[in-house]
Amino acid sequence: MDRKDFELELPESWPEDVRRVVEDGRDAAVAYHHERQRIDRLGSTDVRVRIGPPANAYRPAYDALVERIETLLRGHRLVGYHCTRLTPPEALQIRTDGLRALSPGLVQARLEAVVQAGLMTPAQYRFFVDSPMVQAHLANRHGHRTGKVWLCPNRSSLRYASAVYRLFRSWGGEVLYAGFGDDAAVTDVFGGLGQPAIVKCAVPLPVDDLYGCRTAELLSNAVRAQIAHPEPSPSFDWKVPRDLDPSEVIDVIAFEDPRFEELTGHLKWPVDYRLG
């Protein structure tokens, strides 16, 4: 089998056998979603339906379709985009060594590197290393971030300014800037480090997480023009529970690269979200 890199929102990029199966099964998928939504509407006014919803007669065909596509996707690579802010050495290191999952060691190493480069004072370094807020984030007290690489598998997500602008404005990611949004001293430090960047990755399927090969999301993308609000949502945050090898990093797209604007449309973002 020839390995193919594909994107959820670009059917033309899907493996050819997957495209054929999706087209052949489109009517079954649409029927399943229509019936699911009909049952949901009944449940909104009838508590008995909410407690014991009727079986979706189209569910077996839908499940069989998901299973067949999931088998076909194995070995192919799903493309995802990592929104971040990088110094030049960090961008080079990702190209050569890959993208590391979040960990206390990674955060400390990044902080030490910018101190050694004269981009952060030792006192600032000590403040962030000792910060109870940062330690709480690394201990997953406010959501599970550590041990994962976070990607956007929907390139359209990159154009939602409110969803991604903080990742581009503030170096270090949510684990460092979250909780300091009103502290100008902190935002000035992180806003002065590096430049916005997008790390384009391609991860082989299946991925060892709770969501298999993301086949259901692929089907939701296939029928989104025919079904309002298909479930699962065709847009989601993708958490890969391991480091990504250099071979899985397709490119590091710098802020000045025309492709950054093509992907984000940031020059037309509302003023409050603009990148500078």
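Structural notes, computed from the coordinates. Since this is a predicted model, take the numbers as computed values, not measurements. (Residues numbered from 1 in each chain as written. Predicted model: local features only at pLDDT ≥ 70, side-chain atom pairs only at ≥ 80, totals over all residues. Heavy atoms only, no water.)

1. Some words on the pattern of salt bridges
At step 1: Within the structure shown, the criterion is met by 18 salt bridges.
At step 2: Note that glutamate 35 and arginine 38 form a salt bridge whose closest N and O atoms lie 2.8 Å from each other. Highlighted residues: glutamate 35 and arginine 38, both in helix α1 (residues 16–45), separated by three residues, approximately one helical turn.
At step 3: Taking relative accessible area as the criterion, glutamate 35 reaches 14% and is therefore assigned buried.
At step 4: Take arginine 38: its relative accessible area is 36%, and that puts it in the partly exposed class.
At step 5: For arginine 36, the salt bridge is made with aspartate 40, and the minimal N-O distance between the two is 3.4 Å. Of the two residues, arginine 36 and aspartate 40 both sit in helix α1, four residues apart, roughly one turn of that helix.
At step 6: Linked by salt bridges that have partners in common, Arg95, Asp251, Asp257 and Arg259 make up one network. (Salt bridge = Lys/Arg side-chain N within 4 Å of Asp/Glu carboxyl O. Helix = DSSP H or I, 4+ residues; strand = E, 2+ residues; numbered from the N terminus. Buried < 20%, exposed > 50% of the residue type's maximum accessible area, 1.4 Å probe, protein only.)

2. What about the packing of helix α3 (residues 59–73) against helix α11 (residues 215–223)?
To characterise two packed helices, one gives the angle between the axes of the helices and the distance between these axes.
At step 1: Contact geometry for α3 and α11: axes closest at 9 Å, N-to-C directions at 110°. Compared by their axis directions, α3 and α11 come out roughly perpendicular. Between α3 and α11, the contacting residues are Tyr62, Leu65, Val66, Ile69, Glu70 and Leu73 on the first element and Thr215, Ala216, Leu218 and Leu219 on the second.
At step 2: Tallied by class, the residues present in the contact of α3 with α11 amount to eight nonpolar, one polar and one charged. (Axes fitted to C-alpha atoms, helices over the stretch in contact; angles between N-to-C directions. Parallel < 35°, antiparallel > 145°, perpendicular 65-115°, else oblique. Contact = heavy atoms within 4.5 Å. Nonpolar A, V, L, I, M, F, W, Y, C, P; charged D, E, K, R; others polar.)

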